[in-house]
Protein chains: 2
Amino acid sequence: MSSITPVILGLLAHKPFSGYDMKAIVDRSTRFFWAGSYGQIYPELRRLEREGLIEGEDAPNGGRTRRVYRLTAVGREALREWLLGSATTIEYRDESLLRLFFADALPREQALQLLAGRKHGHERYLEVLRAIGTPPETDPTFDQLVLQWGIDFNEWGAKWCEQQLQRLRKQKAA
Amino acid sequence: MSSITPVILGLLAHKPFSGYDMKAIVDRSTRFFWAGSYGQIYPELRRLEREGLIEGEDAPNGGRTRRVYRLTAVGREALREWLLGSATTIEYRDESLLRLFFADALPREQALQLLAGRKHGHERYLEVLRAIGTPPETDPTFDQLVLQWGIDFNEWGAKWCEQQLQRLRKQKAA
DNA sequence: TAGTGCATGTAATGCGTTACATGATTTC
DNA sequence: GAAATCATGTAACGCATTACATGCACTA
């Protein structure tokens with residue numbers, strides 16, 4: 001099982017897709033917390049078919065080759081197991097946080113500017129996520145709930161920066 | 001400039017360290033958002049010395065070889081430039097969020113359990129961070145501020161999960 | 001004297017991204 | 001008819017982790 005496997009199974013649980021479809025969907029949804037590339041998707045699609053977790057069917061668009069896959073019962077069970085599993089990788093790399101970590105090497109005012117810059121980063125991210133759509137208040141699907149998480153997280157992050165900024169400025173004055 | 005470069009320069013801005021020292025420091029501080037390994041550190045140390053950003057000095061402990069590095073003026077300027085730079089990589093991989101994204105494939109109650117599990121993940125992370133230390137309320141250094149961010153973030157995350165859990169349970173009832 | 005920590009270093013491994021190649025179809 | 005989009009696929013590349021190798025020093 002590679003890192004892209006659950007994405008493929010998860011998407012196909014909804015409805016059949018081609019590799020190209022999946023890449024497009026990933027690029028405007030999971031990529032914010034789980035990226036994927038053709039170099040992962042296509043080989044894995046063939047492997048999963050060989051192993052019987054998915055089934056492919058040729059569905060050309062005119063003379064344009066196209067192969068759509070659907071989940072088998074075995075694949076659905078594999079997805080269920082992964083969903084219920086407990087192993088959970090978290091990888092977080094945040095250069096802005098690293099800068100802040102070393103900000104003591106900077107004059108006070110410039111260090112505070114790093115906080116302001118981070119706040120701005122959250123705000124820009126927020127715009128990107130809001131452009132994707134606004135999840136409904138009631139009965140959101142779980143994929144919409146995750147988008148809501150992204151929005152809430154960035155709002156929280158921007159607010160956190162602002163609060164620290166005010167706190168640190170006040171202390172300087174005192 | 002590799003990903004470990006700013007870490008080396010940033011640490012040496014404080015005081016001289018050996019490669020071994022730096023790895024140990026990284027492992028209990030930046031690794032939560034910026035990891036580093038010997039395979040990166042040692043080669044980069046020699047490169048940075050060759051380029052004149054740092055200077056090494058042999059400082060053996062008895063017969064145990066040891067080489068400590070300090071920042072040169074050129075290195076300090078390079079650090080300053082990186083700190084003030086705007087390029088900012090963010091990479092976030094969160095399997096728990098991916099699970100939640102595909103949770104529609106699960107019976108309602110099991111899907112909600114994923115939220116509970118995520119909350120638990122935040123709480124465990126919180127314990128790890130609190131074991132490192134509690135940043136002071138007043139006049140924290142910036143590295144302490146980043147630790148505070150980690151604590152605040154996980155508190156927020158746990159609370160978010162709890163709120164969604166309550167909201168989704170109430171909706172089911174309605 | 002065996003185990004742990006200090007200390008440096010590299011080779012192998014695994015991974016994902018990037019870039020490229022190919023070709024059909026739709027759109028302006 | 002040019003450009004964008006659909007569609008599949010792979011090779012090269014870069015990068016970080018893992019594992020291993022070496023050897024000294026301290027401590028139980």
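Each value, and the rule that gives it
- Residues numbered from 1 in each chain as written.
- Chains lettered and ligands numbered in written order.
- Predicted model: local features only at pLDDT ≥ 70, side-chain atom pairs only at ≥ 80, totals over all residues.
- Heavy atoms only, no water.
- Helix = DSSP H or I, 4+ residues; strand = E, 2+ residues; numbered from the N terminus.
- Buried < 20%, exposed > 50% of the residue type's maximum accessible area, 1.4 Å probe, protein only.
- Contact = heavy atoms within 4.5 Å.
- Areas by Shrake-Rupley, 256 points an atom, 1.4 Å probe, with all protein chains shown as cover.
- Lys, Arg positive; Asp, Glu negative; His and termini not counted.
- Charge placed at Lys NZ, Arg CZ, Asp CG, Glu CD.
- Least-squares fit on C-alpha atoms with pLDDT ≥ 70 in both.
- Salt bridge = Lys/Arg side-chain N within 4 Å of Asp/Glu carboxyl O.
- Pairing = 2+ DSSP bridges.
- Axes fitted to C-alpha atoms, helices over the stretch in contact; angles between N-to-C directions.
- Near = heavy atom within 4 Å.
- Polar contact = N/O pair within 3.5 Å; in protein donor to acceptor, adjacent residues only side chain to side chain.
- Nonpolar A, V, L, I, M, F, W, Y, C, P; charged D, E, K, R; others polar.

Draft legend 1. Expanded view of the overall build of chain A. When helices and strands are counted, chain A shows seven helices and four strands. Secondary structure elements in chain A, listed N-terminal to C-terminal, are α-β-α-α-β-β-α-β-α-α-α. Expressed as lengths along the three principal axes of its C-alpha atoms, the size of chain A is roughly 70 × 35 × 35 Å. Among the 174 residues that make up chain A, the fraction classed as buried is 45%. Excluding contacts between residues fewer than 6 apart, the proportion of contacts in chain A whose partners are at least 24 apart in sequence is 54%. For chain A, the exposed surface amounts to about 9,100 Å²; the carbon and sulfur share of it is 52%. When the 25 positive and 23 negative side-chain charges of chain A are each reduced to one mean point, those points stand 5 Å apart.

Draft legend 2. Examining the relation of the copies chain A and chain B more closely. Under the fitted operation, chain A is carried onto chain B by 0.0 Å of movement along the axis and a turn of 180°, and the coordinates agree to an RMSD of 0.0 Å. Read as a symmetry element, the transformation amounts to a two-fold axis. Closest approach to the rotation axis among the C-alpha atoms of chain A is made by tyrosine 92 of chain A, whose C-alpha sits 2.3 Å away.

Draft legend 3. Representation of helix α1 (residues 5–14) of chain A. Burial analysis of α1 of chain A places nine of its ten residues in the buried class, the great majority of the element. Listed in full, the buried residues belonging to α1 of chain A are Thr5, Pro6, Val7, Ile8, Leu9, Gly10, Leu11, Leu12 and Ala13 of chain A.

Draft legend 4. Region of the structure containing the pattern of salt bridges. On inspection of all chains with the given rule, the structure shows 26 salt bridges over all chains. One salt-bridge network, in which partners are shared between bridges, spans Glu49, Asp58 and Arg67 of chain A.

Draft legend 5. The sheet that holds strand β2 (residues 54–58) of chain A, seen in detail. All names here are of chain A. Strand order in the open sheet formed by three strands is β1-β3-β2, and the pairing between neighbours is antiparallel. Strands at the two margins of the open sheet, each flanked by one partner only, are β1 (17–18) and β2. Taken together, the two bridges between β1 and strand β3 (residues 67–71) define a ladder with antiparallel strand orientation. Across the sheet, the residue bridging to phenylalanine 17 is tyrosine 69, located in β3. Strands in contact with α1 are β1, β2 and β3; relative to β3, the strand with the most contacts, it is inclined by about 85°. Relative to β2, helix α3 (residues 38–50) is tilted by about 110°, and along the sheet it contacts β2 and β3.

Draft legend 6. Just the protein's contact with DNA strand C, in detail. Taken together, 22 residues sit near DNA strand C, with Ser3 and Gly63 of chain A together with Arg46, Asn61 and Arg64 of chain B positioned nearest. The sugar and phosphate moieties of DNA strand C supply 66% of its atoms located within 4 Å of the protein. One of the side-chain N or O atoms of arginine 64 of chain A is found 3.2 Å from a sugar or linking oxygen in DNA strand C. Take threonine 65 of chain B: an N or O atom from its main chain is 3.5 Å from a sugar or linking oxygen of DNA strand C. Contributing elements (two or more residues each) for the surface near DNA strand C: α3 of chain A together with α2 (19–27) and α3 (38–51) of chain B. A class-by-class count of the residues in the surface near DNA strand C yields four nonpolar, 13 polar and five charged.

Draft legend 7. Region of the structure containing the sheet that holds strand β2 (residues 54–58) of chain B. Residues and elements named next belong to chain B. The antiparallel open sheet is built from three strands, whose spatial order is β1-β3-β2. Lying at the two open borders of the sheet, with one neighbouring strand each, are β1 (17–18) and β2. Two elements, β2 and strand β3 (residues 67–71), share five bridges in a ladder whose sense is antiparallel. Looking across to β3, one finds that isoleucine 54 is bridged to leucine 71.

Interpretation note: all reported values are geometric properties and have no functional meaning in isolation.
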